[in-house]
Amino acid sequence: MKTSARNQFFGKITAVNVGAVNAEVAVGLKGGQSIVAAITKESVEKLGVKVGGDAVALVKAPQVIVVTDDAGYRLSARNQLSGTVSRIHKGAVNSDVIIDLGGGETVAATITNDSLEALGLAEGQTAMAVFKAGSVILGVAA
C-alpha cells in the first residue's frame, strides 16, 4: 500500500469495543505495544473488523506529540508509545523525530525546532509518542 502517512503500523486486531455510534479497535504491534483507533460503528461493520484480523494503523507524523517527562500527569490520549529516540533530522522550521518502539517498529513525529530545543531531545533519549485514537486511520485487507 502506498500512502503519505509516515507511520504505518501493521499488526493483528486484539480488541474491538463497539458502542452505539463509535468503536475502539486495538492493533497489537510486534514489540508488544498496541495502538487504539477510534472509528465509527458503521466502519467496523463495513470493514469487517474482527479480533485476530490483520490491520494497518495509519498516523500522520504531525499528529504525534513527543513527551520526555510526563511530570506525573495522566493523559487522555489513548496512544502512548514508549521508546528511544533513534534519529533526529532538523529542518529549517521543523524536525523529524524517530522513536524506536522495539520489535522493529518506529514512530515518526514532526515537531517544531523550538519544541526540539525545549525538550532537549537527543538520540538515545527515552521518549513517548502520544496521539489521540481519533488520529488513527484503520485499514484492513480488501
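Residues numbered from 1 in each chain as written. Predicted model: local features only at pLDDT ≥ 70, side-chain atom pairs only at ≥ 80, totals over all residues. Heavy atoms only, no water.

Further remarks concern the overall build of the protein chain. Scanning the protein chain from terminus to terminus reveals two helices and 10 strands. Helices (α) and strands (β) of the protein chain occur, in sequence order from the N terminus, as β-β-β-α-β-β-β-β-β-α-β-β. For the protein chain, the C-alpha radius of gyration of 16 Å lies close to 14 Å, the compact-globule estimate for 142 residues. Considering only C-alpha atoms, the protein chain reaches an extent of 45 × 35 × 25 Å along its principal axes. Expressed as a percentage of the 142 residues in the protein chain, the buried residues total 37%. Summed over all atoms, the accessible surface of the protein chain reaches about 7,800 Å², with 51% contributed by carbon and sulfur. Considering the protein chain, the positive charge centre built from 13 side chains and the negative charge centre built from 12 side chains are found 8 Å apart. (Helix = DSSP H or I, 4+ residues; strand = E, 2+ residues; numbered from the N terminus. Rg over C-alpha atoms; globule rule 2.2 N^0.38 Å. Buried < 20%, exposed > 50% of the residue type's maximum accessible area, 1.4 Å probe, protein only. Areas by Shrake-Rupley, 256 points an atom, 1.4 Å probe, with all protein chains shown as cover. Lys, Arg positive; Asp, Glu negative; His and termini not counted. Charge placed at Lys NZ, Arg CZ, Asp CG, Glu CD.)

To continue, consider the sheet that holds strand 9 (residues 126-131). Taken together, five strands build an open sheet; the order of strands is 5-9-6-7-8 and the sheet is antiparallel. Single-partner strands in this sheet number two, and they are strand 5 (65-67) and strand 8 (105-112). Neighbour-to-neighbour, the strand axes of the sheet open up by a mean angle of 45 degrees, direction not taken into account. One ladder, built from eight bridges, connects strand 7 (residues 94-102) with strand 8; its direction is antiparallel. Residue pairing in the sheet places Asn94 in a bridge with Thr112 of strand 8. (Pairing = 2+ DSSP bridges. Axes fitted to C-alpha atoms, helices over the stretch in contact; angles between N-to-C directions.)

Moving on: the side chain of Asn113. Tracing the backbone through its elements, the reader meets Asn113 in helix 2 (residues 113-119). Overall, the relative accessible area of 8% leaves Asn113 in the buried class. Setting aside anything within four residues of it in sequence, one finds Asn113 in contact with Lys90, Gly91, Ala92, Val93, Asn94 and Ser95. (Contact = heavy atoms within 4.5 Å.)

Right, let's talk about the pattern of salt bridges for a bit. Applying the stated criterion across every chain yields a total of five salt bridges. Residue Asp96 is joined to Arg6 by a salt bridge in which the shortest nitrogen-to-oxygen separation is 3.3 Å. Note that Asp96 is positioned in strand 7 and Arg6 in the segment before strand 1 (7-18), a separation of 90 residues in sequence. The partly exposed category is assigned to Asp96, whose relative accessible area is 22%. Relative accessible area serves as the criterion here: at 41%, Arg6 is assigned to the partly exposed category. Lys46 is the salt-bridge partner of Glu42, the closest N and O atoms lying 3.0 Å from each other. With Glu42 and Lys46 both in helix 1 (residues 41-47) and four residues apart, this pair spans about one turn of that helix. Look at Glu42 and you get partly exposed, because its relative accessible area is 47%. (Salt bridge = Lys/Arg side-chain N within 4 Å of Asp/Glu carboxyl O.)

The strand order across the open sheet built from five strands is 3-2-1-4-10, with neighbouring strands paired in antiparallel fashion. The open sheet has two edge strands, strand 3 (34-40) and strand 10 (137-139), and neither has a second partner. Shown here is a sheet whose adjacent strand axes are inclined to one another by a mean of 40 degrees, direction ignored. Sheet topology places strand 1 next to strand 2 (residues 22-28); six bridges connect them, and they run antiparallel. Bridged to Asn17 within strand 2 is Glu24.

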